[in-house]
Amino acid sequence: MAPAEILSGKIVSGQVRDRLKQQVAEMAEKFPGFRPGLAILQVGNRDDSNLYINMKLKAAAEIGISANHIKLPNTATEADVLKCIASLNADPAVHGFIVQLPLDSDKPINTEKITNAVAPEKDVDGLSSINAGKLSRGDLGDCFIPCTPKGCMELIRQTGVQVAGKRAVVIGRSKIVGAPMHDLLLWNNATVTTCHSKTSTLAEEVGKADILVVAAGRAEMVKGEWIKPGAIVIDCGINHVPDSTKASGKRVVGDVAYTSAKEKASFITPVPGGVGPMTVAMLMQSTVESAQRFLEKFQPGKWTIQYNQLTLKMPVPSDIEISQSCMPKPIDQVAKEVGLFPDEVELYGQTKAKVQLSVLNRLKNQPDGKYVVVTGITPTPLGEGKSTTTVGLVQALGAHLHQNVFACVRQPSQGPTFGIKGGAAGGGYCQVVPMEEFNLHLTGDIHAITAANNLVAAAIDARIFHELTQSDQALYNRLVPSVNGVRKFSDIQIRRLQKLGINKTDPMALTKEEVNSFVRLDIDPGTITWQRVLDTNDRFLRKITIGQSPTEKGFTRTAQFDITVSSEIMAVLALADGLDDMKKRFGRMVVASSKKGQPVTADDLGVTGALAVLMKDAVKPNLMQTLEGTPVFVHAGPFANIAHGNSSVLADKIALKLVGKDGFVVTEAGFGADIGMEKFFNIKCRYSGLRPHVVVLVATVRALKMHGGGPAVTAGVPLPKEYTEENLQLVAKGCSNLNKQIQNARMFGVPVVVAVNAFKTDTKAELALVVQHAKEAGAFDAVECTHWAEGGKGALALARAVQRASQAPSNFRFLYNVELPVVDKIRLIAQQVYGARDIELLPEAQEKVALYTKQGFGNLPICMAKTHLSLSHDPEQKGAPTDFVLPIRDIRASVGAGFLYPLVGTMSTMPGLPTRPCFYDIDLDPVSGGVNGLF
């Protein structure tokens, strides 16, 4: 017969590499910035290992695989190697991972333990017991196959001979080649015999083989005359035999006597140049396959999520009873379900976690989902259920309509939690859970804000004190001390010098005048706008005197405490789009003016870097879940009057990437649409660059009756009968407020869906009347909602309406250009949003307009601070008042956050406790550790 056809591993491996190169290019085109990643862990410095690793690195570079060679010294212990493996297992950029054997360490290391420590889904060498077990069971599509057997199989396929039904013989039973080769042939439907050094009838068995794979490690052990005519021979051996004709005195041969075998076989692999090149090519193929599996599993927007089934009860139990009856999913499971990687999540126990901002960079090329904002009509003091509606809507979209959906809500202050309002996690069967965690410390963000805010306050008074009690030179010596004979400016001091126009970096080079300018902030105490904060309602801190200790040498001043969520640092957190932006905003915060009228900033105080350090964890959004298992970001909670009243830009941006282009992100704006929604559009969307698709406007029969002339509604007092009995006349008259708020939303070019949040005292006729009025006023749709009692099921009509509205044209636009004069921007909001005839600036406000314009802050957006209980400045004026003049008492600046806030009337920034606060009902069960009575 004709001599065997040569199966060249060089040629076949070249074809494999070309194919892989094309696949990697296609991946990069479909997923910009993505590259398969291979990690090679080496212990020691063996020459042969270095040679093999270099071959692998070269092949990876040629294909486009990002290969990383990690080299540990030969002093590495088993613990060192395992620690490195754990790190690589957790790295989402590593898709294939091999440990180069043998381990060249002078410490005892269990190789089996090491290979089994590699995550099976990254074990592209196929050496772990899990992959070996899957191969032996025939799970070929769910495991990695050792590279040499995989290469042998590829060479066999190149012959065009069908493996199924053939008799195959494998000589050798090693874990790396022989045993997996047996399994691979078996599950490709060959009849397989494994031979080894103890096989007594080796020649006889070889003679029966249609396919012969030899991996015995013995030079030319298999003789040509043993081979069945026409057999396929795959020689995995690499052996050195003496050869005086070679310069090295030896030559490489396989386990098969090649010359004689070639005369009997139909196909045969040479040595070298046969199986060897295929091994590296198969390693690359497995790495690419692993990357493809990774992309399939973690494809952005492709969620596999487990929802929780509600067990509804009537009457509806208390919020905390419902919350505690729910068994939340482990939060790492929620994170995995929505496509977050393990290294992007920091767990805070079992039910809450922080999410790294790096996810934004990973998903930067992914399209955003649909952006929905929930707002409301002008509310009663009891609130109309915006948070409950937000949660109900996402439960409906997610658990019932199976859409990718995220809720993004504010973190509540502990002041109202222990005061009069209670918790803010939603209510009934629409809650963020666990509600105790949500309403209390969560992950400590508000505590971080308290610490950061009060550091600034302490810095202000300390600086005034030191400037009043020291000479220029004494101040300079302390501000720029000599350390080991060397004086140098800190980075933040260099920035202050540059701001002063002093372009010097040598502390010894400043003139006396320059030293004076540098050390003297010369703060005018009467202009200090920065107050200390506390996250507790405490009316007796509304006005205090500080500096009464004898150590302060009589330097006292009147000050106050605000509640923490009113701090500008909270507003900065909510509007920042990253750590760097947050730090810059901190630096720009104006805390006072100098006696010459110049703004004094946190950067001038030298405290910016310290603030960033205190806030470095708070900037990461907090991940929680709803009762029905849909994901929630809880992040930031700025006041909705003196600040913009919305959750963070960062949470919204991350959520929009995670849900994918067909998903939904539902966020909530504080108070009514005239306040929270207007600021969401004109401030939050202006800074974030995000554009909303739908407005959900929450309305209640109760609130509309109030706007129609119903009696006053007071928290803690039973509702008058007008609110518990049918009264269509009051409802119809009160719809003037609903109509105006619909117009306000449509003014920004966004479709409006009205959610009529039904209470048990509402009648069908009243609810139908509200729906009718809303549609006549221009709402895209209006639907009745019963989610408080029914969970997501009760918001299905709302969810479907939001889906339809998100497909409608949205021509979003801002109300004003920030370049307009301050007064014109205020007037536009007052007239267009509130319905005022005009505005009136009181003298103090007029002075502030001139001051802020002079200081360069006139082009900031406007954040109106007015009552939320009326469209006007008077909380007693209900409905949709017109022809009123809006008085502007004062104007203040949150320069770091990025807005001016005019004060319409008196704004309390430190709530007080009522006669009977909520804390009377709150208790801890010492046996179970459970919280009782929290709303």
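See the structure shown above.
Remember, predicted model here, so these are calculated numbers, not experimental data.

Asks: What's the story with the packing of aromatic side chains in this structure? I'm lost.
Replies: Aromatic ring pairs are reported here in terms of the distance separating the ring centres and the angle at which the planes meet. On inspection of all chains with the given rule, the structure shows 17 aromatic pairs. Their ring planes at 55 degrees and their centres at 5.1 Å tell us that Phe-294 and Phe-341 sit as a pair that is tilted. A residue pair is termed long-range when its members are at least 10 positions apart, and Phe-294 in helix H10 (residues 275–297) and Phe-341 in the loop between helix H12 (331–337) and strand S12 (345–347) qualify at 47 residues. Both residues of the pair, Phe-294 and Phe-341, belong to the buried class. Put simply, the rings of Tyr-371, Phe-680, Phe-681, Phe-748, Phe-812 and Phe-814 touch in pairs and so form one group of aromatic residues. One residue, Arg-362, lies across the ring of Phe-341, its end atom 3.7 Å from the ring centre. For the cation-ring pair, Arg-686 lies above Phe-814, with the distance from its terminal atom to the ring centre recorded as 4.2 Å.

Asks: Can you help me understand the sheet that holds strand S1 (residues 5–6) in this one?
Replies: On the basis of which strands lie adjacent, the open sheet formed by 6 strands has the order S1-S11-S8-S7-S5-S6 and parallel pairing. Where the open sheet ends on each side, the last strands, each with one partner, are S1 and strand S6 (191–195). By the bridge criterion, 4 bridges tie strand S7 (residues 211–214) to strand S8 (residues 232–235) in an arrangement that is parallel. The partner of Leu-212 across the bridge, within S8, is Val-233. Across the sheet, helix H7 (residues 178–186) touches strand S5 (167–171), S6 and S7, and the angle it forms with S5 is around 170 degrees.

Asks: Mind showing me how you'd approach the sheet that holds strand S3 (residues 66–72) here?
Replies: What holds strands together in a sheet is hydrogen bonding between their backbones, with the strands either parallel or antiparallel. With parallel pairing, 3 strands are arranged side by side in an open sheet as S3-S2-S4. Strands at the two margins of the open sheet, each flanked by one partner only, are S3 and strand S4 (96–99). Mean inter-strand twist for the sheet, computed between neighbouring axes without regard to direction, equals 15 degrees. In terms of strand pairing, strand S2 (residues 37–43) meets S4 through 4 bridges, oriented parallel. Bridged to Leu-38 within S4 is Gly-96.

Asks: Hey, could you run me through the layout of surface pockets in this one?
Replies: Over the atoms, a rolling probe the size of a water molecule traces out where space has been left empty. Here the second largest pocket is characterised by a volume of approximately 1,400 Å³. Along the wall of the second largest pocket there are 40 residues; nearest its centre are Tyr-52, Thr-148, Ile-238, Gly-276 and Thr-279. Class assignment for the residues of the lining of the second largest pocket results in 22 nonpolar, 11 polar and 7 charged.

The rules behind these values
- Residues numbered from 1 in each chain as written.
- Predicted model: local features only at pLDDT ≥ 70, side-chain atom pairs only at ≥ 80, totals over all residues.
- Heavy atoms only, no water.
- Phe/Tyr/Trp six-rings, centres within 6.5 Å; stacked < 30°, edge-to-face > 60°.
- Helix = DSSP H or I, 4+ residues; strand = E, 2+ residues; numbered from the N terminus.
- Buried < 20%, exposed > 50% of the residue type's maximum accessible area, 1.4 Å probe, protein only.
- Lys NZ or Arg CZ within 6 Å of the ring centre and 35° of its normal.
- Pairing = 2+ DSSP bridges.
- Contact = heavy atoms within 4.5 Å.
- Axes fitted to C-alpha atoms, helices over the stretch in contact; angles between N-to-C directions.
- 1 Å grid on protein atoms, 1.4 Å probe; cavity = no way out; pocket = protein on both sides within 12 Å on 5 of 7 lines; lining within 4 Å.
- Points joined across faces, edges and corners; volume = space filled by probe spheres on them.
- Nonpolar A, V, L, I, M, F, W, Y, C, P; charged D, E, K, R; others polar.

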